[in-house]
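# An overview of the molecular structure
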Amino acid sequence: MEIKNLSWPLMSNNVTADDRNAMIEFLKTDAFLTNGPRVREFEEAWSKWLGVKYSVFVNSGASANLLTMTWVKNNIRTARVLVPAVTWVSDIATVLQNDLKPVFADISLKTLGIEEKYFPTCQVAFVTHLLGFSAFTKGIQHEVPYVLIEDCCESHGATFNGKKLGTFGLISNFSFYFAHHMSTIEGGMICTNDEEIYEEMRTLRSHGLLREIRSQSRKDKLATTYPHLSDQFIFLRSGYNVRNNEIGAVLGLSQLRRLDENNEKRRQNFEIFLNELSRDSGKFITDFHTEGSCNYALTLILKEADHALRTKLEAFLKACEVEFRRGLSGGGNQLRQPYLEAFKWNKDDFPNAEHVSDYGWYIGNYPDLAHDKIRDLCRLLRQF
Ligand SMILES: Cc1ncc(COP(=O)(O)O)c(C=O)c1O
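Remember, it's a predicted structure, so these values are computed and weren't measured experimentally. (Residues numbered from 1 in each chain as written. Predicted model: local features only at pLDDT ≥ 70, side-chain atom pairs only at ≥ 80, totals over all residues. Heavy atoms only, no water.)

## Side note on unusual backbone geometry
Of note, the phi angle at D99 is positive, near 55°, even though the residue is not glycine. Topologically, D99 is positioned in the loop between helix 4 (89–97) and strand 3 (101–105). Its identity is not glycine, yet L328 carries a phi of approximately 55°, on the positive side. Among the structural elements, L328 can be located in the loop between strand 11 (324–326) and helix 10 (351–359). Overall, the relative accessible area of 1% leaves L328 in the buried class. (Helix = DSSP H or I, 4+ residues; strand = E, 2+ residues; numbered from the N terminus. Buried < 20%, exposed > 50% of the residue type's maximum accessible area, 1.4 Å probe, protein only.)

Quick look at the structure:
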C-alpha cells in the first residue's frame, strides 16, 4: 500500500493577511469596538449577499440556534421540533434548553439531510443542510402547515433550484466558525424576511433590551407601556448576551468579499474529488445529490459496513497526514451521545445515521487545496 505525505489539514489559510490587515487598520482608529456601525454594515452586506431583508450578527452558530429555538418557545410554545439524527449538537441541545420536544429523523444518504416528506410531521422542521448539501430535493410549497427553519452553518452559498439555502425558511442560521466557508473566528448570523422576528432576535441577542429594537415607532409605543421604567433599561424578555463586535464585523466584511470566489474553488475541488473517487471499484458512495451543493469538506462514506476496512482507511489517512473527522458533522448520530441518554431509540429506525457514524468521514476542502493533492489521494484510495 503506497503512502504519501499529503500534509492536508481540515482547514488552511482561512484568515488571510488581507483580513488581518483590515483588522489592524481598524484597530489603529479610535472607533467604537463593541456592537456598532460595523456590525450593522456587515449585517446589511450579508442580507444583500444572501437575499433576505434582515440579519442579526451573533457570537456563534450555536447562539444563532439558541435564539432561534428561544423564538420558537416564545411564539409556538410546546412545539415538537423535527431534527435530523446527524447534525451539530447545538441543533438539538437548544431545542432541549428551550423545553421543546425534539423528534428525530434519519438522514438520506443522497443529501445527508432529512427528506422533505417528513417536514410536515411536526410543527417545526429544523433542517440542517449538512456539509454543504441541500437537504431539499423536490421543493417547498409556499403555504406549509409547519415552520421551516434552516441551519446553513455548513452550507454558505449552496443553492436549491438556483436560490440560496437560507432563503427558504422563516428563519435561517449561519456559523462563521474558523473551519467553515468563511470566518469571523467565532460568529454566527440569524436571517429572516420577517420584521417582527428580526426585532425579537435583536432584543434576545442583547439581554432582552427594548432599546435594541430598530423601529423607533415600535420602540416608543412599547416604552409608553412601562412609564415607571427608564427607557434605557426595559428588559422585555429574559434574553442573553450573544452579541458579536466591531472587529468580528470588520473581518466578516473582508471575508465576504471573496466568499463567492472561494466557494467556486471549493465546488471545483469537490467535483474533482467525486469524479476521481467514482473511478474506484465501488467502495465509496459518490452518487450524492450534488446540485447546488457547496462543501467546505470532502465527504468519504463507505458503501458497506466494513470494520476492517475502516481501521485500514483511518491508519492510511493518518500515515498520509490527512486530517479527518469520523461520523461526518458532530460525530454522526446524535442519539448515541451521552447528553441524549434519556431518549429511547432503536438503531433500526436510523440505519443511515448509524452507517455514517461508523463509516463516514470528512476531510478538508479549502480554496488553496491543490488539485494534484486531491487526485493523489483518490488514486491512493482506489488502491485499497
Ligand atoms: C450544522 C451546524 N450547526 C451549528 C453549528 C454551531 O456553530 P458554531 O461552531 O459557530 O457555534 C455548527 C458548527 O460547526 C454546525 O456545523
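## A look at the sheet that holds strand 10 (residues 297–301)
Across the sheet, which stays open at both edges, the three strands sit in the order 10-12-11 with antiparallel pairing between neighbours. Each edge of the open sheet is held by one strand with a lone partner, namely strand 10 and strand 11. Neighbour-to-neighbour, the strand axes of this sheet turn through a mean angle of 25°, independent of strand direction. Bridging between strand 10 and strand 12 (residues 360–364) involves five bridges; their strand directions are antiparallel. Residue pairing across strands places L298 opposite I363, the latter belonging to strand 12. (Pairing = 2+ DSSP bridges. Axes fitted to C-alpha atoms, helices over the stretch in contact; angles between N-to-C directions.)

## Points about the site of the ligand
As a matter of local geometry, the ligand sits amid 15 residues, with G61, A62, D151, E154 and S175 nearest to it. Between the ligand and D91 there is a distance of 3.1 Å, counted from a nitrogen atom to a side-chain nitrogen or oxygen. A distance of 3.2 Å separates an oxygen atom of the ligand from a polar side-chain atom of H180. For the ligand, whose unbound accessible area comes to 380 Å², protein coverage reaches 92%. Counting residues per element, the ones that place at least two in the shell around the ligand are helix 3 (61–76) and helix 4. Counting residues per element, the shell around the ligand draws most heavily on helix 3, at three residues. Looking at the shell around the ligand residue by residue, the class counts come to four nonpolar, eight polar and three charged. (Near = heavy atom within 4 Å. Polar contact = N/O pair within 3.5 Å; in protein donor to acceptor, adjacent residues only side chain to side chain. Areas by Shrake-Rupley, 256 points an atom, 1.4 Å probe, with all protein chains shown as cover. Nonpolar A, V, L, I, M, F, W, Y, C, P; charged D, E, K, R; others polar.)

## Quick notes on the side chain of E199
Summarising the element assignment, E199 is placed in helix 5 (residues 195–205). There is no salt bridge for the buried E199, and the closest opposite charge comes from R218, which lies 4.0 Å off by N-O distance. Filtering out sequence-adjacent residues up to four positions away, E199 remains in contact with E212, I213, R214, S215 and R218. (Lys, Arg positive; Asp, Glu negative; His and termini not counted. Salt bridge = Lys/Arg side-chain N within 4 Å of Asp/Glu carboxyl O. Contact = heavy atoms within 4.5 Å.)

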